[in-house]
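Here is how the chains run, residue by residue.
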Amino acid sequence: QEELVESGGDSVQPGGSLRLSCSCALVANNNYWLAWFRQPPGKEREVVAVLSESGRPSYPDSVKGRFTISKDGAKNTLYLEMTSLKLGDTAMYYCAAGPFIDYGKFDPRSYNYWGQGTQVTVSS
C-alpha cells in the first residue's frame, strides 16, 4: 500500500509531450493528497502538480497550462500529462502521497510516501 512506482519517463525533443504514470494503491484512498515533484540535476526538489483529497488540482506558475495531473482510482494510477516540454523540464520526476499537508501542499515535507522516480530528458 505504501509503494509507489513511476513509469513513462523518456528522452523527448523541445515542444514534445509525455505522460507519466504512478502505480500506487493509495490513489484509490480518498483521504490522501497526491502530487508530482521533480528534481533537476544539482538542484532542489520542486512541486509540479498537486491533487487534493477532494480531487482539486493545482500547479505552480512554471508549469501551469502545460502540465495536467489526474488519477484513475479503479486502476490505482496517478498520471501527469506534460505538453510543450522545455529544456528546463529535464529532471527526475517523483510521485508522492500523504494524508496531511502540514507544511503546505507545495512542500515535499507534507508527503509521506515517495516513488523512486522516472527520468525525463528534454533535449534537441
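Our subject is the structure that appears above.
This section reports on the structure supplied with the text.

Procedures and definitions
- Residues numbered from 1 in each chain as written.
- Predicted model: local features only at pLDDT ≥ 70, side-chain atom pairs only at ≥ 80, totals over all residues.
- Heavy atoms only, no water.
- Helix = DSSP H or I, 4+ residues; strand = E, 2+ residues; numbered from the N terminus.
- Buried < 20%, exposed > 50% of the residue type's maximum accessible area, 1.4 Å probe, protein only.
- Pairing = 2+ DSSP bridges.
- Axes fitted to C-alpha atoms, helices over the stretch in contact; angles between N-to-C directions.
- Phe/Tyr/Trp six-rings, centres within 6.5 Å; stacked < 30°, edge-to-face > 60°.
- Lys NZ or Arg CZ within 6 Å of the ring centre and 35° of its normal.
- Contact = heavy atoms within 4.5 Å.
- Polar contact = N/O pair within 3.5 Å; in protein donor to acceptor, adjacent residues only side chain to side chain.

### Here's the deal with unusual backbone geometry
Even without being glycine, Asn76 reaches a positive phi, approximately 50°. Assignment of secondary structure puts Asn76 in the loop between strand 7 (67-72) and strand 8 (77-82). Residue Ser84 is not a glycine yet carries a positive backbone phi of 50°. As for its placement among the helices and strands, Ser84 is situated in the loop between strand 8 and strand 9 (91-98). A relative accessible area of 40% places Ser84 in the partly exposed class.

### Points about the sheet that holds strand 8
Spatial ordering of the open sheet is given by 1-3-8-7, a layout of four strands whose pairing is antiparallel. Looking along the sheet, the strands with just one partner apiece sit at the ends: strand 1 (5-7) and strand 7. Along the sheet, successive strands turn relative to each other by an average axial angle of 20°, direction set aside. As defined by bridge partners, strand 7 adjoins strand 8 across six bridges and the pair is classed as antiparallel. In the sheet register, Asp72 faces strand 8, and the bridge partner there is Thr77.

### Overview of the packing of aromatic side chains
Describing an aromatic ring pair means giving the distance of the ring centres and the angle of the ring planes. Enumeration over the complete set of coordinates arrives at four aromatic pairs. Ring geometry for Phe37 versus Trp114: centroids 5.1 Å apart, planes at 55°, classification tilted. Separated by 77 residues along the polypeptide, Phe37 in strand 4 (residues 33-39) and Trp114 in strand 10 (residues 113-114) bring together distant segments of the chain. Given the relative accessible area of 24%, Trp114 is considered partly exposed. Seen in terms of ring centroids, Tyr111 and Trp114 are 6.5 Å apart; in terms of plane orientation they differ by 80°. Their pairing is edge-to-face. When its relative accessible area of 4% is taken as the criterion, Tyr111 is described as buried. By way of ring pairs, the aromatic residues Phe37, Tyr111 and Trp114 are connected into one cluster. The ring of Tyr94 carries Arg45 above its face, with NZ or CZ at 4.0 Å from the centroid. Above the plane of the ring of Trp114 lies Arg45, whose end atom (NZ or CZ) is 4.9 Å from the centre.

### What about the environment of Ala28?
Within the element layout of this structure, Ala28 appears in the loop between strand 3 (18-23) and strand 4. Expressed as a C-alpha distance, the spacing of Ala28 and Thr77, which sit 49 residues apart in the sequence, is 8.3 Å. If sequence neighbours within four positions are ignored, Ala28 has contacts with Gly73 and Asn76.

### Examining the side chain of Arg38
Note on placement: Arg38 falls in strand 4. Engagement of the side chain of Arg38 in a polar contact is seen with the side chain of Glu46, the distance being 2.8 Å. Here the side chain of Arg38 touches Tyr93 through a polar contact of 3.0 Å, side chain to side chain. Other than its neighbours up to four places away in sequence, Arg38 contacts Glu44, Arg45, Glu46, Val48, Ser62, Val63, Phe67, Gly88, Asp89, Ala91, Met92 and Tyr93.

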